[in-house]
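Residues per chain are reported as follows:
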Protein chains: 2
Amino acid sequence: MSENLRERTRRAVQREIGDAALTLFAERGYDATTIDDIAAAVGMSQRSVFRYFATKEEIVVGKLELAVDDMLDVLRRRPPGEPVWTSLRRVFDVVDHYGDQQELSALIHRMVFDTPALSAAYLHRLQLMQEAVVAVLVERAAKAGNPYPADDPTPRALTASAFGCLVAAQHSWLASSTQGTFANALDRAMATLIPRA
Amino acid sequence: MSENLRERTRRAVQREIGDAALTLFAERGYDATTIDDIAAAVGMSQRSVFRYFATKEEIVVGKLELAVDDMLDVLRRRPPGEPVWTSLRRVFDVVDHYGDQQELSALIHRMVFDTPALSAAYLHRLQLMQEAVVAVLVERAAKAGNPYPADDPTPRALTASAFGCLVAAQHSWLASSTQGTFANALDRAMATLIPRA
DNA sequence: GACAAGCTTGACAGTGACTGACAGGTTCGG
DNA sequence: CCGAACCTGTCAGTCACTGTCAAGCTTGTC
């Protein structure tokens, strides 16, 4: 139980820092808020904040909780024969679990998209996820009996396009003042392309 | 003529810094090279280096010379009725003008892709380009007489997917030890998807 | 209940990217 | 040839981030 407790308190502290930081960011802006400000807000030293978050950007980007593990789990559970494009769309359902806290999610996304440093960090994170997704796709095709040829760009291209659509949908959704569901925006974005059979 | 000269010397100095920096980066690695090192190599003060490059990342990413202006020019010159996907493929011909210096280009890309800070900066830059491209596409559709509906995600989604394919192609090309032309890699990547009519 | 091991924390010092301000020197246009 | 515009080095400062160390608290063990 002890280990579990340590982990729980760790998460609790992390959450507390994250929440306090987000409040400050929303008030003064991301760039205008220093780590010292955040540390002061939660009554810790600057050093300790960095023990919970590797970088300042991660405090925000981590909030998006694009849990890589969840996405990969979903992908692995999809029927091996399913079209890749469909599987990818299902993977993004994980992202869509913002459902209950649309407003917060929109706030964060807006902040990410108009803070260059955050935007860069977010895109980089998506890129890392893509690599993991591609690996699973390759593995799954092999298991299904029709592996991709050695240097076939197909899995990479499809994945990159799907993630591109994800970002496009996020932009569209924000631009339309978050009217309609995000899931709908994503469906529309991904419907503009058809993978070649 | 004077203005022209100023600009030319400016570009010359910028190029000199960039070349010296790239040499150092290649020797010691990006992170292990400080701006002071670069400044010393070209016999300038650190401050002056920052007068030619806004950030350390830009020294490298700027080398990729993904000249936004060139891309937009190409796009604007395409026949208005041409399928968007085709136009985007043509836009990327600008990127392919690495032709004569494949080796250098590959070196830089490799460095970008395995240095997190550079990767993030590069992806962010691509994102900015996309916004400009989307604007041109919207404008062009309007001029051609069939404008996109107000919140149609199509142009954004297609552009994002095309850029996704671009990055995927770059990865594939590097992974295959730069066998074959980059143009070919891009063609293959973009052929995996068909825009819905 | 004492004790050793392990985790967490604050304090301090240091690096490196980046910025603002100022002063001296060079170039340019008239 | 003179003032304006430009470029440069120097200095000082901010801020993200890292290593180190000693002190305190937690936990598992006897």
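The rules behind these values
Here, residues in each chain are numbered from 1, in the same order as that chain's written sequence. Chain A is the first chain written and ligand 1 is the first ligand written, with later ones labelled in order. It should be noted that, the model being predicted, local features are given only for residues of pLDDT at least 70 and side-chain atom pairs only at 80 or more, the latter also being counted only at that level, while totals for whole chains, interfaces and linings use all residues. To obtain the side-chain values, all non-hydrogen atoms of the structure were used and water was disregarded. Only heavy atoms enter the contact rule, under which two residues are in contact if any of them lie within 4.5 Å. When two parts are brought into contact, each loses some accessible area as probed by a 1.4 Å sphere; the total of that loss over both is the buried area. A side-chain nitrogen of Lys or Arg and a carboxyl oxygen of Asp or Glu constitute a salt bridge if their distance falls within 4 Å. A 3.5 Å cut-off defines polar contacts: any pair of N or O atoms within that distance qualifies, except that in protein one atom must be a possible hydrogen donor and the other a possible acceptor, and neighbouring residues in sequence count only when both atoms are side-chain atoms. Secondary structure is summarised from DSSP: a helix means a run of H or I of at least four residues, a strand means a run of E of at least two, and numbering begins at the N terminus for each. Remark: nonpolar core denotes a set of buried residues (Ala, Val, Leu, Ile, Met, Phe, Trp, Tyr, Cys) joined through side-chain atoms within 4.5 Å. Exposure is judged per residue with a 1.4 Å probe applied to protein chains only, and the accessible area is read against the type maximum: over 50% gives exposed, under 20% gives buried, and values in between give partly exposed. Pairing of aromatic side chains here covers Phe, Tyr and the six-membered ring of Trp, requires ring centres within 6.5 Å, and sorts the geometry by plane angle: under 30 degrees stacked, over 60 edge-to-face, intermediate tilted. Charges are assigned to positions over rings by a cutoff of 6 Å between ring centre and Lys NZ or Arg CZ, combined with an angular limit of 35 degrees from the ring normal.

The name an unreviewed UniProt entry assigns to chain A is TetR family transcriptional regulator, from the organism Winogradskya humida.

Novice: Report on the interface of chain A and chain B, specifying residues and quantitative values.
Specialist: With 32 residues of chain A in contact, the opposing surface of chain B contributes 32 residues. At the boundary of chain A with chain B, total buried surface from both sides reaches about 2900 Å², with 63% on carbon and sulfur atoms. Joining chain A to chain B, the criterion identifies two salt bridges. Residues R188(A) and D151(B) are paired through a salt bridge, measuring 3.7 Å at the closest nitrogen-oxygen approach. Summed over the shared surface of chain A and chain B, the result is eight residue pairs in polar contact (both at pLDDT 80 or more). Looking at the side of chain A that touches chain B, the elements that each hand over two or more residues are α8 (116–143), α9 (154–175), α10 (182–190) and β1 (193–195) of chain A.

Novice: How would you summarise the nonpolar core if you had to cite specific residues and measurements?
Specialist: Counting residues in each nonpolar core, the largest one holds 120 residues, and the members touching the most others are F92(A) and F92(B). Sequence-distant contacts of F92(A), defined by excluding residues within four places in its chain, comprise M71(A), A162(A), F163(A), L166(A), L186(A) and M190(A).

Novice: So, the packing of aromatic side chains: which residues are in play, and what are the values?
Specialist: Within the structure shown, the criterion is met by eight aromatic pairs over all chains. Summarising the aromatic geometry, the rings of W173(B) and F182(B) are spaced 5.6 Å apart at their centres and angled 70° between planes, so their arrangement reads as edge-to-face. Grouping residues by exposure puts W173(B) and F182(B) together as buried. The ring of Y30(A) is capped by K56(A), whose NZ or CZ atom sits 4.5 Å from the centre of that ring.

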